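The residues making up each chain are set out below.
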Amino acid sequence: QKEVEQDPGPLSVPEGAIVSLNCTYSNSAFQYFMWYRQYSRKGPELLMYTYSSGNKEDGRFTAQVDKSSKYISLFIRDSQPSDSATYLCATPWASENTGFQKLVFGTGTRLLVSP
Amino acid sequence: DTAVSQTPKYLVTQMGNDKSIKCEQNLGHDTMYWYKQDSKKFLKIMFSYNNKELIINETVPNRFSPKSPDKAHLNLHINSLELGDSAVYFCASSPKVDRVGETQYFGPGTRLLVL
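Summarised in this report is the structure supplied together with it.

Reading the values: the criteria
Residues numbered from 1 in each chain as written. Chains lettered and ligands numbered in written order. Predicted model: local features only at pLDDT ≥ 70, side-chain atom pairs only at ≥ 80, totals over all residues. Heavy atoms only, no water. Helix = DSSP H or I, 4+ residues; strand = E, 2+ residues; numbered from the N terminus. Patch = residues over 30% accessible without salt bridge, like charges linked within 9 Å, V, L, I, M, F, W, Y side chains within 5 Å. Areas by Shrake-Rupley, 256 points an atom, 1.4 Å probe, with all protein chains shown as cover. Salt bridge = Lys/Arg side-chain N within 4 Å of Asp/Glu carboxyl O. Contact = heavy atoms within 4.5 Å. Buried area = accessible area lost by both parts, 1.4 Å probe. Polar contact = N/O pair within 3.5 Å; in protein donor to acceptor, adjacent residues only side chain to side chain.

1. A short note on unusual backbone geometry
- A cis geometry characterises the amide bond from Gly9(A) onward to Pro10(A), with omega recorded as 10°.
- Residue position: Pro10(A) is located in the loop between β1 (4-5) and β2 (11-14).
- With an omega of -5°, the peptide bond running from Thr7(B) to Pro8(B) counts as cis.
- Relative to the elements of secondary structure, Pro8(B) occurs in the loop between β1 (4-7) and β2 (10-13).
- Although it is not a glycine, Lys70(A) sits at a positive phi angle of roughly 55°.

2. What about a nonpolar patch on the surface?
- A cluster of nonpolar side chains, Val12(B), Leu113(B) and Leu115(B), forms an exposed patch at the surface whose accessible area comes to about 270 Å².
- With respect to the secondary-structure elements, Leu115(B) resides in the segment after β11 (110-114).

3. Some words on the interface of chain A and chain B
- Contacts between the two partners involve 24 residues from chain A, matched on the other side by 23 residues from chain B.
- When chain A packs against chain B, close to 2,100 Å² is buried across both sides, 58% of that on carbon and sulfur atoms.
- For chain A, the biggest contributors to the area lost against chain B are Arg41(A), Gln101(A) and Phe105(A); these three give 25% of the whole.
- At the surface where chain A touches chain B, the tally comes to 1 salt bridge.
- Counting across the chain A and chain B interface gives 4 residue pairs in polar contact (both at pLDDT 80 or more).
- Of all the secondary structure elements, the ones that give two or more residues to the side of chain A that touches chain B are β4 (33-38), β9 (85-94) and β10 (101-105) of chain A.
- At 4 residues, β10(A) tops the list of elements feeding residues into the side of chain A that touches chain B.

What follows is the structure, encoded as structure tokens:
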């Protein structure tokens, strides 16, 4: 079992829809969570990060963490074709070998927003 | 004004060959990383360097040898390439290694295809 899991999709929605992207994790010690967005043939870029349980909002994007369920969500309101990308959740964790921080990524969910 | 750059963008080669990928960041960051993204978009860390010093080595075959001549550059040399090495390799950097959840900035990726 991977430490952070996502449905690979693709998730297809019409423009204007509310999108819900989800992530589950196995280690209850994970505390910080990030969402990276990756456009086709590009590198991932940080979209949002959150630490505590609850919601964090940034424009059309809302990140939600439920630590009791080990569940992370990213909501996109009024989705646009330009939101079409792969969304990766990630959490920082100490490397077993050296203790330095590394990012553990989920498998990513591909989102397609059609005009 | 590219932040994290990689060369080459595409690499097609035969099994058994040796190849190198170069990465440079002009962000003044201390820490650099190599990631491998497989065909299912799963992104996994391979190595990390902090100020030219190797700090993370995640169970990568020793055919892969990273090298950091200075903190702005991190190269990856791969010996005796195998079919399973086909993937997209991403370089990334972050400001400091010891801040939890530090944002990582990714390069555009190098698409390696081993025939």
